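# Results of the structural survey
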Amino acid sequence: MNIKCIINSIPRSFDVDPTMKLRDLLQLNGNRAVRDSDDSEGFCGSDTVLVDGVPVYSNLVLAGEVNGCEIRTPDGLADPAHLTVVQQAMIDAGVVQSAYNAPAAALLLTWLLENNSNPSREDIKDALSGIFIRDAGYEHYYLAVKLALEKMNSGSYKTEIAPSFRPELEVIGKPLSKIDGPQLVAGAAAFVEDYVDKNTCHMVVLRSPHASAYINSIDVSKAKAVPGVIEILTAYNTPETHYMQAGQGNPEPSPHDRRLFNLKVRHVGDRVAAVIAETEEAAKKALDLIKVDYQVLPAVFTVEEAMAPGAPRVHDGIVEYRSGAPADLDEYNKGAADPREGKVIYQFPLHADIRKNIAASNKGEIGNVDKAFEESDAIVENTYQTSQVQHTPLETHICFAKMDGGRLVVYASTQVPYHVRRIVGWVTGLPENKIHVIKTRVGGGYGSKQDILIEDLTAYAAYVTGKPVLCHNTREEEFIANSTRHPMRVHVKMGGKKDGTINAIFMEVCANTGPYGNHCLTVPMNSCSKTLPLFKCDNMRYDLKVYYTNTPPAGAYQGYGTPKGTYGLMMAMAELAGKLGVDYKDFVLKNHVDEGYMLEILKGLGEGREGAVVPVGSCGLDEAIRKGCDMIEWGKKVESSDPDWKIGKGFAMIMQGSGLPGLDHSEAIAKLETDGTVILNSGGADLGTGLDTISAKVVAEILKLPMEKITVVSGDTDSCAFDTGAYASSGTFFSGNASVVATQKLKDMILKEAAFQMNEKVEDLEIVHPGAVRSKASGKVLPYGELSHTAISGGGHGQMIAHGTYVTTASSVPYGAHFAQVAVNVKTGEIKVQKFYALQDAGTPINPEIALCQMYGAVQKSIGHSLYESMILDKKGRCLNANMTDYGTPMITEAPEDFKAVLIDVNDKFGPFGAKSISEIACNGAAPAIGIAIHDAVGVWVRSWPMTPEKILRAMGKIK
Amino acid sequence: MAEKLIVPRSAIAASRYKNSESAFLAGGTEINRLNSYVDAKTLISIGRLGLDTINDAEIDGKPYLRIGATATFTDCIENPKVPEYFKQACHFMSSMVKRNMATVGGNVAIARDDSYLIPTLVASGALVEFSNEKIITVKEYYLRHFRHANKLIVAIYIDPSAKVRSKRYSNTASGHAYVTVAVCEKNVAVQIKGAGLVDTSRLEASSDRSEAFCLEWAEKVKNKNIKSDMFGSESYKRYLAGVTVSMLCKEGAR
Ligand SMILES: Cc1cc2nc3c(=O)[nH]c(=O)nc-3n(C[C@H](O)[C@H](O)[C@H](O)COP(=O)(O)OP(=O)(O)OC[C@H]3O[C@@H](n4cnc5c(N)ncnc54)[C@H](O)[C@@H]3O)c2cc1C
Ligand code: FES
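Presented here is a report on the structure given in the accompanying data block.

## Focus: the pattern of salt bridges
- Enumeration according to the criterion identifies 59 salt bridges over all chains in this entry.
- Where Asp692(A) meets Arg441(A), a salt bridge forms, and the shortest distance between an N and an O atom there is 2.8 Å. In this pair, Asp692(A) sits in helix 19 (residues 691–703) while Arg441(A) sits in the loop between strand 18 (435–439) and helix 13 (455–465), placing the two residues 251 residues apart along the sequence. By the burial criterion, Asp692(A) is buried, and Arg441(A) matches it.
- The salt bridge involving Lys193(B) is made with Asp113(B); its shortest N-O contact spans 3.3 Å. Separated by 80 residues along the polypeptide, Lys193(B) in the loop between strand 11 (187–192) and strand 12 (196–197) and Asp113(B) in the loop between helix 5 (104–110) and helix 6 (118–123) bring together distant segments of the chain.
- Residue classification places Lys193(B) among the buried residues on the basis of a relative accessible area of 10%.
- Note on Asp113(B): relative accessible area 21%, which makes it partly exposed.

Laid out in structure tokens, this is it:
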């Protein structure tokens, strides 16, 4: 059919099948920003376009229906160099973060303002009601609209975007535009899918229908005969190398317990085979023709099932240790079952016992906990259960790999480019100099892209076939074959004295790591190591065990284990306050740590190593609690006009870390270019959180150079130097500090070279705006451009290139307190989060507007896991709700009515310009704050995620 | 996946193309979505047949508002003639973009067990008109929609002055409803995921709307499809149905 339409003001004509989706037609037309993040489910809104001025989802429209229509797409609004007022306002408000949906949101807001010159909050909410935002939350979208209107009406912004910090500094602590904002908001090439070569092969993966089974045989003969099929990979033709997919420092505190393909499948969705074909259709057709003979085995899905005597074993093969093997290992290995079990290889002991399904364990104690409990005036003891939740980044996992000049080039949407390179090296057998990993912009990670979940296989496929290969997870695969938050059972016993002190805490954590042990020790460790150090308590004990099961895999998720530990501990603390008859606020204020308090509890809580006992450093915890209590009017009972609705308040204190002292490592290279501009090569991986902007600001601040004269190249393993990656809240602290070190060194080089060229003493020179060296003695000024040119044209000492490395044993801990006010309906159990106030000490917020949006986004995610989100498995381990609609991610409709993020001003001694981490910690407070508020409202404790209306009604005795 | 798209010029022509292999394409939000309930080789586009008008009408002397089948949810929300109760039901579809696409006729036709509009339409005594001018109640259509599978709905008639109160329960606003209740004077429509509309005749036969009575009705109502599932337990859904009927009736009485 011939279809004539106007796309972004240009008349177009296409001869296409009219049943083609409009989105596919627009992609054909080059409108790449019309994306899809849910396989046409009609939920996320990445495919939003305007047809004859009306917003629609282009995946749900057929091409044949737009004949004669006028279409506008997000990338038709403007190019990155000439942004519209709305697009610029979005960047300025801080909402353009990982930004997969930012172009579509810009289109919707443009449409809104074209049709309504004075939209209310409700109008904005409605305009964004069909677009899923996971990174920045929705709150600053209201601000973006306000800013855009102000600019349109009066030529400038009137509203403060975010508070500014450190008046003595130029750019650090000031809301300035994110440097990659224009590229992202305009929908220019940014993500892996935008860099895929023409004629690239597609790879699709055959996944196990069984939760546990041995593979007896795989017949690929019919599949191979499908025209266009290049290769089919299975356990029979891929290496036996055992590795793991967690992107952690090497040697990892996770067992190497998998191969590219195993001969035992361990969860529904586990890899069985992969088809590489010239087209996606051919690959899918071939996939359906693969015949697998399974020997189905019994499975376990919960920690209770996994720990039961005689439980089916998830791993039952040979165990090896790279170091620290126990003396009885040979004896232990005599118990190994079928060779198809494969191996479990520990880099060092994790106190595991796979014959009991224990993947890792740890325990420790300070003081004398048993004795202290005997002396307690009141004790609470309860179990808190968290559920299996998924990150749901808008951009599902994607990898494009190809051979180029004998090297393997991997385009990855990853938080850990250097770990990707190492693990791809392991599975292909290639040395690192033969592998080039290019981290593109990342359309949402939240921990899931800390794991090497598809890069291993895609890179291997490209390597063995010699063809360019693309693999792109479906949304369903994200749920069943990716990684998730470890479900945990957190048992807390807490004792207190009548004087309002906590004198004993015992925490028992049983975590479910699923079939493989990615992060199996460290996630549960964080439930203790990032919670217990909040308490000024001399007697504390923790005991954690991690179980293998046959659920979809677990891994890293923003907050790591901390949200779960915080949920248990803070709920128990609130209950204990009630039991002791003290006000919860006073109780928290009395028992939290302050600067200088020695954290003995940390000695056993290293990441698989001995932890360091350190004092509490900079700490804004007390201020966060007091300020938050004032904001929410703690102690003042609020009554609803409707007697069915009861209102309650709650809060929780929170902490996290800023990277892993003694383990993490970052490098940066700062180069003065020949015209006096600077290129900073940062090993750090910007996930959309503004890390590159931090690096640029560091250079601008130290070298007194305008931001537009600085370019940051990051996450490219060829051009940048090593960085452990963006996880454990390390980005700002480690990668930022590496940028500081490199830039300081460059500054020193500049001064030295200037002294030579100007014939002056270094001590007499200073760096001045805009990028020049000035002599305090002679008043002479030498701009960087001249300095650099002379340096490389025979009159100096060559190009100035500085290399900065950052490692530390210093620990900079962000603190905070999150407050919730909820309304609960006593008849229906419905819950509304009326108010949510997140107060955090992030040290110096280098990008304050982005920091606030990080907080809004993380809180919104945690409201999700607290109230709505949960993967539901049936008895066979099949996920029943592996789609966005049923899974329950919160949208703008679920955002709190009154939502505030507040930055507590604390200057840290070790962070770059005093900065600490910001985003992970913001995942920790919502569950306990809301749980405590629910109790305040209706008097019941809901001790499991998600805290649903049904659970409330059950706790209230309304249903059996 | 559809293989053919027909763009007919009239409702009559559209009806002629309809058979068991084909489906009418209205807003496309059901047909074109992932895992759609609809599987048709041929799609008959009805979006440009002028079936989207909203105007006053009269049937057997009773005033109605006639909503053309291809009027979208947004058309209804924006039209001043449309009563608030029906606008509220349209708002049960939380995504504005989807409301711009989804049609009233499409929602009735698909007759889902988590339908946005059906409970409200049924409680208010709404009617559905086919291209052959035959008119039946929405309730009749819902309960026997397979019989009408090949018929083109051209309009829905709603009572502009009905006093309908409705409530929808879902995990998040964009999730699927597991219980939706609508009441209108004596009429009660209760829709439960898995079961669809459940039998409310015992409730409708009584004037008792006390919580105790409604809960007892809900506990006992016979329907083997009210089951525990991922949306909630059977007892929760039954409780919610009962308590909500009583609540909405009480609100109405206020
Ligand atoms: C993410 C998502 C979630 C959804 N959740 C829900 C939900 O919770 N509840 C719900 O009710 N719906 C839901 N839907 C489905 C859908 O959006 C609505 O039911 C919508 O009202 C269907 O209208 P439509 O015009 O888009 O129908 P279409 O998709 O065009 O058609 C739907 C069906 O109705 C038939 N049809 C359409 N118009 C007529 C007519 N005039 N005469 C006869 N037959 C006709 C079609 O042949 C087809 O079989 C959801 C959709 C999506 C994408
Ligand atoms: S259908 Fe809209 S993002 Fe997939």
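## Quick word on the site of ligand 1
- Around ligand 1 sit 35 residues in total, of which Phe24(B), Gly27(B), Thr29(B), Glu30(B) and Thr103(B) are the nearest.
- Site remark: ligand 1 is flanked by residues from chains A and B.
- Here an oxygen atom of ligand 1 and a backbone polar atom of Gly28(B) are 2.8 Å apart.
- In isolation ligand 1 offers 970 Å² of accessible surface; the protein chains occlude 97% of this area.
- Secondary-structure elements contributing two or more residues to the shell around ligand 1 are strand 2 (22–25) and helix 5 of chain B.
- Looking at the shell around ligand 1, the element that brings in the most residues is helix 5 of chain B, giving five residues.

## Focus on helix 16 (residues 562–580) of chain A
Residue and element names in this part refer to chain A.
- Spanning 19 residues, helix 16 covers 26 Å between terminal C-alpha atoms, matching the ideal 27 Å at 1.5 Å per step.
- For helix 16, the tally of buried residues reaches 17 of 19 residues, placing the bulk of the element in the interior.
- Once helix 16 finishes, Gly 581 follows within two positions and takes phi at roughly 75 degrees, a positive value.

## Observations regarding the pairing of strand 17 (residues 407–412) of chain A
All names here are of chain A.
- Within strand 17, five of the six residues are buried, leaving the element largely enclosed by the surrounding structure.
- In terms of strand pairing, strand 16 (residues 398–404) meets strand 17 through six bridges, oriented antiparallel. Bridging from a neighbouring strand, Ala 401 pairs with Val 410 of strand 17.
- Counting the residues in the hairpin turn of strand 16 and strand 17 gives two residues, including Gly 405, whose phi is positive at 60 degrees.
- The pairing of strand 17 with strand 18 spans five bridges and is classified as parallel. Pairing of Val 409 across the sheet is with His 436, part of strand 18.
- Assessed by its sense of winding, the connection that carries the chain from strand 17 through helix 12 (residues 417–428) to strand 18 is right-handed.

Rules of the game
Residues numbered from 1 in each chain as written. Chains lettered and ligands numbered in written order. Predicted model: local features only at pLDDT ≥ 70, side-chain atom pairs only at ≥ 80, totals over all residues. Heavy atoms only, no water. Salt bridge = Lys/Arg side-chain N within 4 Å of Asp/Glu carboxyl O. Helix = DSSP H or I, 4+ residues; strand = E, 2+ residues; numbered from the N terminus. Buried < 20%, exposed > 50% of the residue type's maximum accessible area, 1.4 Å probe, protein only. Near = heavy atom within 4 Å. Polar contact = N/O pair within 3.5 Å; in protein donor to acceptor, adjacent residues only side chain to side chain. Areas by Shrake-Rupley, 256 points an atom, 1.4 Å probe, with all protein chains shown as cover. Expected span 1.5 Å × (residues − 1). Pairing = 2+ DSSP bridges. Right-handed = clockwise from strand over helix to strand, strands pointing away.

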